[in-house]
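Given next are the chains, with one letter for each unit.
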Amino acid sequence: QVQLAESGGGLVQAGGSLRLSCAASGSIASINTMGWYRQAPGQERELVAAITSSGRTKYGDSVKGRFTISRDHAKKTVSLQMNSLKPEDTAVYYCNAEGVVVFRGVGGDHWGQGTQVTVSS
């Protein structure tokens, strides 16, 4: 069974930095895209950043220039370096793996359970 385990959330002051990490486990042959989404209370889940297997990246407009996504294919991990954090970045951040190919089990798209990021003003 594919599982995504997130770490690195927490409380930080505005202007500070946090680094989120996500590790995929299971009988995984390959993963197409890995990324991060976030959801604030009362709002829809939105894309923060994503990176494909070829290294192409995509960022949400509100985080461009502040956040950087990276990926380790061998370790099946994805990380999000968040700098110059703002109170409006406060949300639950979810790791996503899209297009997972497995040797056994269920492939497709998978989500982590989420990690809270809180930015105080």
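The structure under discussion appears in the preceding block.
From a predicted model like this one, the values you see are computed outputs, not experimental measurements.

Peer 1: Can you walk me through the overall build of the protein chain in this structure?
Peer 2: Helix and strand counts for the protein chain come out as zero helices and 11 strands. Sequence-ordered secondary structure for the protein chain, helices as α and strands as β, is β-β-β-β-β-β-β-β-β-β-β. Considering only C-alpha atoms, the protein chain reaches an extent of 45 × 25 × 20 Å along its principal axes. Across the 121 residues in the protein chain, those meeting the buried criterion constitute 40%. Restricting to contacts in the protein chain with at least 6 residues of sequence separation, those with at least 24 account for 56%. Working note: accessible area of the protein chain is about 6,400 Å², and carbon and sulfur atoms make up 46% of it. Of the charged side chains in the protein chain, 12 are positive and 9 negative; the average position of the first set lies 7 Å away from that of the second.

Peer 1: Can you help me understand the environment of Val78 in this one?
Peer 2: Mapping Val78 onto the fold places it in strand E8 (residues 77-82). Under the relative-accessibility criterion, Val78 is labelled buried at 0%. Along the backbone, Val78 and Ala29 are 49 residues apart, and their C-alpha atoms lie at a distance of 16 Å. Residues within four places of Val78 in sequence aside, it is in contact with Leu20, Ser21, Cys22, Met34, Trp36, Ile51, Ile69, Ser70, Arg71 and Cys95.

Peer 1: How should the packing of aromatic side chains be read in this particular structure?
Peer 2: The description of an aromatic ring pair rests on the distance of the ring centres and on the angle between the ring planes. Throughout the structure, instances matching the rule amount to one aromatic pair. Taking 5.1 Å as the distance between ring centres and 65° as the angle between the ring planes, the aromatic pair formed by Tyr37 and Trp111 counts as edge-to-face. Note that Tyr37 is positioned in strand E4 (residues 28-39) and Trp111 in strand E10 (residues 108-111), a separation of 74 residues in sequence. Note on Tyr37: relative accessible area 21%, which makes it partly exposed. Its guanidinium or amino end placed over the ring of Tyr94, Arg45 lies 3.8 Å from that ring's centre, counting from NZ or CZ. In this structure, Arg45 is placed above the aromatic ring of Trp111, and the distance from its NZ or CZ to the ring centre is 4.6 Å.

What counts as what
- Along each chain, residues carry numbers from 1 onward, in the same order as the chain's sequence is written.
- Residues qualify for local features only when their pLDDT is at least 70, as the model is predicted, and side-chain atom pairs are given and counted only at 80 or more; totals for whole chains, interfaces and linings, by contrast, use all residues.
- Hydrogens and water are ignored here; the side-chain numbers use all heavy atoms of the structure.
- Numbered from the N terminus, helices here are DSSP runs of H or I no shorter than four residues, and strands are runs of E no shorter than two.
- Any residue under 20% of the maximum accessible area for its type is buried, any over 50% is exposed, and the rest in between are partly exposed; the area is computed with a 1.4 Å probe on protein chains only.
- By definition, residues are in contact when any of their heavy atoms lie within 4.5 Å.
- Only the protein chains shown count as cover for residues, and all accessible areas are computed by the Shrake-Rupley method using a 1.4 Å probe.
- All tallies of charge rest on Lys and Arg as positive and Asp and Glu as negative; His and the ends of each chain are not included.
- Here the site of a charge means atom NZ of a Lys, CZ of an Arg, CG of an Asp or CD of a Glu.
- Aromatic pairs are defined between Phe, Tyr and Trp rings, using the six-membered ring for Trp, whenever the two ring centres lie within 6.5 Å; interplanar angles under 30 degrees are classed as stacked, those over 60 as edge-to-face, and all others as tilted.
- Counting as a charge over the ring demands two things of the Lys NZ or Arg CZ atom: a distance within 6 Å of the ring centre and an angle within 35 degrees of the ring normal.

No statement about biological role is implied by the geometric values presented.
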